[in-house]
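Residues per chain, in single letters:
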Amino acid sequence: MKICRVIGKVDSSVKLSSLQGQKLLVVQDIGPNRDFTGRILLCADRLGAGSGDIVAVTTGSSVRMFFPGEDAACDAAIVGIIDHMSFDTKSHKKS
Amino acid sequence: MKICRVIGKVDSSVKLSSLQGQKLLVVQDIGPNRDFTGRILLCADRLGAGSGDIVAVTTGSSVRMFFPGEDAACDAAIVGIIDHMSFDTKSHKKS
Amino acid sequence: MKICRVIGKVDSSVKLSSLQGQKLLVVQDIGPNRDFTGRILLCADRLGAGSGDIVAVTTGSSVRMFFPGEDAACDAAIVGIIDHMSFDTKSHKKS
Amino acid sequence: MKICRVIGKVDSSVKLSSLQGQKLLVVQDIGPNRDFTGRILLCADRLGAGSGDIVAVTTGSSVRMFFPGEDAACDAAIVGIIDHMSFDTKSHKKS
Amino acid sequence: MKICRVIGKVDSSVKLSSLQGQKLLVVQDIGPNRDFTGRILLCADRLGAGSGDIVAVTTGSSVRMFFPGEDAACDAAIVGIIDHMSFDTKSHKKS
């Protein structure tokens with residue numbers, strides 16, 4: 001999974017029927033230096049994540065497992081809200 | 001999903017039969033700094049998106065769900081047109 | 001799909017049986033600045049593309065749809081030859 | 001597979017049921033220069049990997065094979081712990 | 001497929017059963033400038049590739065086609081050994 005921070009949200013009136021009523025959050029991936037300056041993605045949220053939360057995001061066809069519907073085409077979803085993340089200082093290497 | 005801007009279109013006379021009659025738009029992914037300077041993709045559009053629109057783009061095998069046909073090999077499609085996108089200013093970090 | 005330019009070809013005598021007789025072209029992905037300086041890929045071609053052509057390339061498991069065989073493991077294929085590509089000048093942003 | 005180093009771990013109380021009780025480790029991908037400064041991922045571990053270990057990580061839908069459950073959406077897992085890695089000095093090219 | 005050079009190998013005693021006895025090689029992807037300074041991957045080899053060989057590597061779920069077993073989770077495999085690769089000089093553009 002990607003480790004991302006929730007940074008925003010979107011409104012979309014024209015979308016596939018399988019996305020109707022689906023909460024969509026903008027998240028930004030963790031970068032190699034452990035700040036959240038990586039790629040920006042749009043993902044579905046059913047766990048109640050909010051702005052600033054650190055979340056685990058699954059991408060790709062695995063997401064289809066919990067998005068039923070003939071046009072189900074969501075490829076990113078929040079699968080966990082991270083309470084705490086700890087790094088081993090020994091293995092940290094500044095680039 | 002990727003958050004992209006529609007930046008162009010293509011004409012293609014030689015293509016797989018499953019792509020015949022399919023509107024194809026050129027889109028550019030949002031970058032880490034929230035401008036649209038990321039990767040450029042070609043994706044199918046059935047929602048009526050136009051040049052300059054901000055769109056949600058699904059990629060990968062999930063797209064195959066709504067492209068029937070034996071040679072269906074489209075791997076990117078617009079799944080929503082974004083009306084409004086808001087960012088949490090607090091969590092914005094310039095790289 | 002990726003938008004790529006055909007830049008070369010390969011010879012391979014030792015390969016999976018599902019790739020035997022398959023024309024393989026080297027392509028280079030379009031970069032964020034609209035030149036073709038992105039990633040280099042090897043992909044199957046059944047549309048008759050040639051050196052210098054701009055092509056639409058599908059990647060991932062969607063490609064398996066038209067590569068039958070028990071060891072079918074091709075993950076990139078040309079699905080269209082692009083005759084013309086036009087960009088909206090307004091939305092072009094130099095990075 | 002990706003070659004990664006285990007650099008940390010996460011606690012997550014709110015997550016999909018298929019991830020309950022699943023050990024999740026933070027890993028960092030090897031970079032082009034053979035240090036571990038690449039992308040950071042969160043992945044499941046059932047092999048007993050620990051901090052500092054070099055591991056082989058599989059990503060994408062292949063991971064779903066060993067994560068049963070209706071909402072199984074894990075897209076990264078450790079599939080091997082690497083005891084020793086050797087490089088051919090001849091082919092090493094500093095960028 | 002990716003075009004990679006074989007640069008090393010790994011020993012792994014603890015791994016999924018579907019990877020037992022499987023030869024695993026470290027490869028490095030071709031970069032945009034046609035040197036082999038791209039991403040480093042670990043992939044299965046059943047074609048007898050050796051150090052320094054240029055190989056075609058398939059990634060993702062397509063690889064699962066030839067890795068039977070309940071925990072089959074290999075996501076990268078060598079599918080061809082490249083004897084010769086030629087580039088069209090005209091289309092080469094230094095970045």
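Predicted model only: the values in this text are computed from it and were never measured. (Residues numbered from 1 in each chain as written. Chains lettered and ligands numbered in written order. Predicted model: local features only at pLDDT ≥ 70, side-chain atom pairs only at ≥ 80, totals over all residues. Heavy atoms only, no water.)

Visitor: Which residues make up the packing of aromatic side chains, and what values do they have?
Guide: Tallied over the entire structure, the rule returns zero aromatic pairs over all chains. The residue whose ring lies beneath C:Arg34 is C:Phe87, and the NZ or CZ to ring-centre distance is 4.1 Å. (Phe/Tyr/Trp six-rings, centres within 6.5 Å; stacked < 30°, edge-to-face > 60°. Lys NZ or Arg CZ within 6 Å of the ring centre and 35° of its normal.)

Visitor: Lay out a positive patch on the surface with the relevant residues and their values.
Guide: Side chains of A:Arg39, B:Arg39, C:Arg39, D:Arg39 and E:Arg39 sit close together on the surface and give a patch of like positive charge. Looking at where D:Arg39 falls in the secondary structure, it is placed in the loop between strand 3 (24–29) and strand 4 (40–44). A relative accessible area of 35% places D:Arg39 in the partly exposed class. (Patch = residues over 30% accessible without salt bridge, like charges linked within 9 Å, V, L, I, M, F, W, Y side chains within 5 Å. Areas by Shrake-Rupley, 256 points an atom, 1.4 Å probe, with all protein chains shown as cover. Salt bridge = Lys/Arg side-chain N within 4 Å of Asp/Glu carboxyl O. Lys, Arg positive; Asp, Glu negative; His and termini not counted. Charge placed at Lys NZ, Arg CZ, Asp CG, Glu CD. Helix = DSSP H or I, 4+ residues; strand = E, 2+ residues; numbered from the N terminus. Buried < 20%, exposed > 50% of the residue type's maximum accessible area, 1.4 Å probe, protein only.)

Visitor: I'd like to hear about the interface of chain E and chain C, residue by residue, with values.
Guide: In this assembly, 29 residues from chain E lie in contact with 35 residues from chain C. Carbon and sulfur atoms make up 55% of the surface buried where chain E meets chain C, a total of about 2700 Å² over both sides. If you look at where chain E meets chain C, you find zero salt bridges. Scanning the region where chain E abuts chain C turns up 14 residue pairs in polar contact (both at pLDDT 80 or more). Counting only elements with at least two residues in the side of chain E that touches chain C, the list comes to strand 5 (54–59), strand 6 (76–81) and strand 7 (84–87) of chain E. The class makeup of the residues in the side of chain E that touches chain C is 14 nonpolar, ten polar and five charged. When strand 1 (residues 2–11) of chain C meets strand 7 of chain E, the two strands line up antiparallel, connected through four bridges. (Contact = heavy atoms within 4.5 Å. Buried area = accessible area lost by both parts, 1.4 Å probe. Polar contact = N/O pair within 3.5 Å; in protein donor to acceptor, adjacent residues only side chain to side chain. Nonpolar A, V, L, I, M, F, W, Y, C, P; charged D, E, K, R; others polar. Pairing = 2+ DSSP bridges.)

Visitor: How would you sum up the interface of chain B and chain A? Please name residues and give values.
Guide: Counting from both sides, the interface comprises 29 residues of chain B and, opposite them, 35 residues of chain A. Buried area between chain B and chain A, both sides added, is near 2700 Å², and the carbon and sulfur share of it is 55%. Across the chain B-chain A interface, the total number found is zero salt bridges. The interface formed by chain B and chain A includes 14 residue pairs in polar contact (both at pLDDT 80 or more).

Visitor: An account of the relation of the copies chain B and chain A is needed here, citing residue identities and associated values.
Guide: The two copies are related by a screw operation: chain B maps onto chain A through 72 degrees of rotation and 0.0 Å of translation along the axis, at an RMSD of 0.0 Å. Interpreted geometrically, this transformation is the action of a five-fold axis. Relative to the rotation axis, the closest C-alpha in chain B is found at B:Ser61, a distance of 5.2 Å. Comparing contact sets, just 7% of the residues at the interface of chain B also lie at the interface in chain A, consistent with a heterologous contact between different surfaces. (Least-squares fit on C-alpha atoms with pLDDT ≥ 70 in both.)

Visitor: Residues and numbers for the relation of the copies chain E and chain C, please.
Guide: Overlay of chain E on chain C (RMSD 0.0 Å): rotation 72 degrees, translation along the axis 0.0 Å. In this assembly the copies use different faces: only 7% of the residues contributing to the interface of chain E also contribute to that of chain C.

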